[in-house]
Amino acid sequence: MNKYALIGHPLGHSMSPLIHEKLFALSGISDSSYELIDIAPEDIASSRELLLGLCGLNVTIPHKQAVIQLVDELAESAEMYDSVNCIKNDGGRLIGYNTDCDGFLRSAEKLPLSERVVMTGCGGVGRMIGIETARHGGKLTIAVIPSDLENASKLKGEIEEKCSGAEVTVTEISKLCDSYDLLINATPVGMYPKVENCVVSDEMIEKCGAVFDVIYNPKETLLMRKARALGKTAVGGASMLVYQAVKAHEIWYGGEFSTDDIAKIIGDVEDAVDAMNK
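Each chain carries its own residue numbering, running from 1 in the written order of its sequence. The model is predicted, so local features are restricted to residues of pLDDT at least 70 and side-chain atom pairs to those at 80 or more, both for listing and for counting; the totals for chains, interfaces and linings are taken over all residues. Computation of side-chain values covers all heavy atoms of the structure but excludes hydrogens and water.

J.: When you look at helix H1 (residues 16-26) in this model, what are you seeing that I'm missing?
T.: Buried, partly exposed and exposed residues are distinguished by accessible area as a fraction of the type maximum, computed with a 1.4 Å probe on protein chains only: under 20%, between the cut-offs, and over 50%, respectively. In this description a helix means any DSSP run of H or I spanning at least four residues, a strand means any run of E spanning at least two, and both kinds are numbered starting from the N terminus. Listed in full, the buried residues belonging to H1 are Ser16, Pro17, Ile19, His20, Leu23 and Phe24. The buried side chains of H1 occupy one side of the element, clustering within an arc of 165° when seen end-on. We call two residues in contact whenever any of their non-hydrogen atoms come within 4.5 Å of each other. Packed against the buried residues of H1 are strand S1 (2-8), strand S2 (32-38), strand S3 (56-59), helix H9 (237-253) and helix H10 (259-277). After H1 finishes, the residue Gly28 shows a positive phi value of roughly 75°. The arc under discussion is defined with respect to the helix axis, by the directions toward the C-beta atoms.

J.: Mind showing me how you'd approach the packing of aromatic side chains here?
T.: Geometry of an aromatic ring pair is reported as the spacing of the ring centres plus the angle between the planes. Put simply, two rings from Phe, Tyr or Trp (the six-membered ring, in Trp's case) pair if the centres are within 6.5 Å, and we call them stacked under 30 degrees between planes, edge-to-face over 60, tilted for the rest. By the definition in use, this model includes four aromatic pairs. Measuring from ring centre to ring centre gives 4.9 Å for Tyr4 and Phe24, while their planes differ by 50°; the resulting arrangement is tilted. Of the two residues, Tyr4 sits in strand S1 while Phe24 sits in helix H1, which places them 20 residues apart along the sequence. Given a relative accessible area of 3%, Phe24 falls into the buried group. Geometrically, the ring pair formed by Phe24 and Tyr253 is stacked, given 6.0 Å between the ring centres and 20° between the ring planes. On the criterion of sequence distance, the pair formed by Phe24 in helix H1 and Tyr253 in helix H9 is long-range, its members being 229 residues apart. For Tyr253, a relative accessible area of 27% puts it in the partly exposed group.

J.: Quick question: what am I supposed to make of helix H8 (residues 222-229) here?
T.: Because an α-helix completes one turn every 3.6 residues, residues spaced three or four positions apart along the sequence face the same direction. Taken together, the buried positions of H8 are Leu222, Leu223, Met224 and Ala227. Packed against the buried residues of H8 are strand S10 (180-185), helix H7 (202-206), strand S11 (208-213) and strand S12 (233-235). Downstream of H8 by a residue or two, Gly231 has a phi angle that is positive, lying close to 80°.

J.: When you look at the side chain of Ser239 in this model, what are you seeing that I'm missing?
T.: Inspection of the secondary structure puts Ser239 in helix H9. In this view, Ser239 contacts Ser107 and Ile266; residues no more than four positions away in its chain are not counted.

J.: Looking at this model, I keep getting lost on the pattern of salt bridges. Mind explaining?
T.: When the charged atoms of two side chains lie near each other, side chains of opposite charge can form a pair. By definition, a salt bridge exists where a carboxyl oxygen of Asp or Glu is found within 4 Å of a side-chain nitrogen of Lys or Arg. The final tally for this structure, using the stated rule, is 20 salt bridges. Residues Arg135 and Glu132 are paired through a salt bridge, measuring 3.0 Å at the closest nitrogen-oxygen approach. Remark: Glu132 and Arg135 occur in helix H5 (residues 124-135); sequence separation between them is three residues, near one turn of the helix. Take Arg135: its relative accessible area is 44%, and that puts it in the partly exposed class. Residues Arg228 and Glu220 are paired through a salt bridge, measuring 2.8 Å at the closest nitrogen-oxygen approach. Salt bridges sharing common partners tie together Lys22, Lys264 and Asp268.

J.: Help me out: how do you make sense of the sheet that holds S12 in this one?
T.: The strands making up a sheet are joined through hydrogen bonds of the backbone, oriented either antiparallel or parallel. The strand order across the open sheet built from six strands is S9-S8-S7-S10-S11-S12, with neighbouring strands paired in parallel fashion. On the outer flanks of this sheet lie strand S9 (168-172) and S12, each paired with one strand and no other. Between one strand axis and the next, the sheet turns through 20° on average, direction left out of account. Bridge analysis of S10 against S11 gives five bridges, and the strand direction is parallel. In the strand pairing of S11, Asn185 is matched with Asp213. Angular values range over 0 to 180 degrees, each being the angle between N-to-C directions of two axes fitted as lines to C-alpha atoms, with helices fitted over their stretch in contact. Across the sheet, helix H6 (residues 149-162) lies against strand S7 (116-120), strand S8 (139-144) and S9, angled at about 170° from S9, the strand it touches most. At least two DSSP bridges between two strands are required for those strands to pair.

Below you can see the structure in the form of structure tokens.
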């Protein structure tokens with residue numbers, strides 16, 4: 001049996017087993033298992049032997065940077081973000097990747113990422129999205145609450161350092177007034193159970209051409225519902241979650257999947273989220 005796993009701490013309910021089991025099934029692989037392994041932060045440094053017992057693994061909070069010391073090589077994506085969320089065991093050689101960026105970019109393929117983009121939030125996922133937006137030519141505004149202005153300014157500096165010619169501004173969410181081609185929510189505002197919260201005003205939603213929300217629970221946030229009611233395209237976080245997993249299977253064993261198969265898994269994840277919340 002080929003063993004794969006997700007490591008993190010704490011590991012509560014996770015959609016990862018559902019997603020990966022479906023991807024293995026689509027690949028015709030019946031001799032692989034996927035499990036959740038909870039590793040406390042103080043134990044991660046001594047976990048290399050455990051990792052070597054797996055064919056591949058995913059990494060979530062709080063180990064995405066700590067595992068860097070355990071791998072033998074970093075792919076370009078992991079070096080870019082100094083963060084690993086996927087590891088391949090290549091004959092006893094552990095190679096670290098970052099597939100979060102692939103998940104985002106594939107989810108946003110039909111969105112105007114290269115135009116005027118406003119992103120709320122500047123945390124871990126916001127950092128990745130901000131850099132990718134700038135790398136793809138987007139004129140980026142980072143909008144945050146007042147207490148996050150310093151962190152947002154640091155992210156602005158990092159983006160400008162990594163992406164030559166990047167156009168980045170920082171402002172408070174409450175002061176947003178311009179029009180944008182794309183609004184990206186990279187905050188937890190609107191996440192279950194506080195589903196009646198929305199990160200920006202109705203007026204701002206009207207001024208944005210399309211919406212991407214990193215949240216996958218609920219499957220349709222209030223931000224997304226409001227955008228769709230106005231006839232705008234709105235993409236939720238389930239697609240990003242599934243596509244980063246798809247990239248992991250491509251890395252682990254060269255998996256190939258059709259767009260229709262991936263769309264069905266995204267729908268299955270959304271249905272599972274709905275069922276979980278009832």
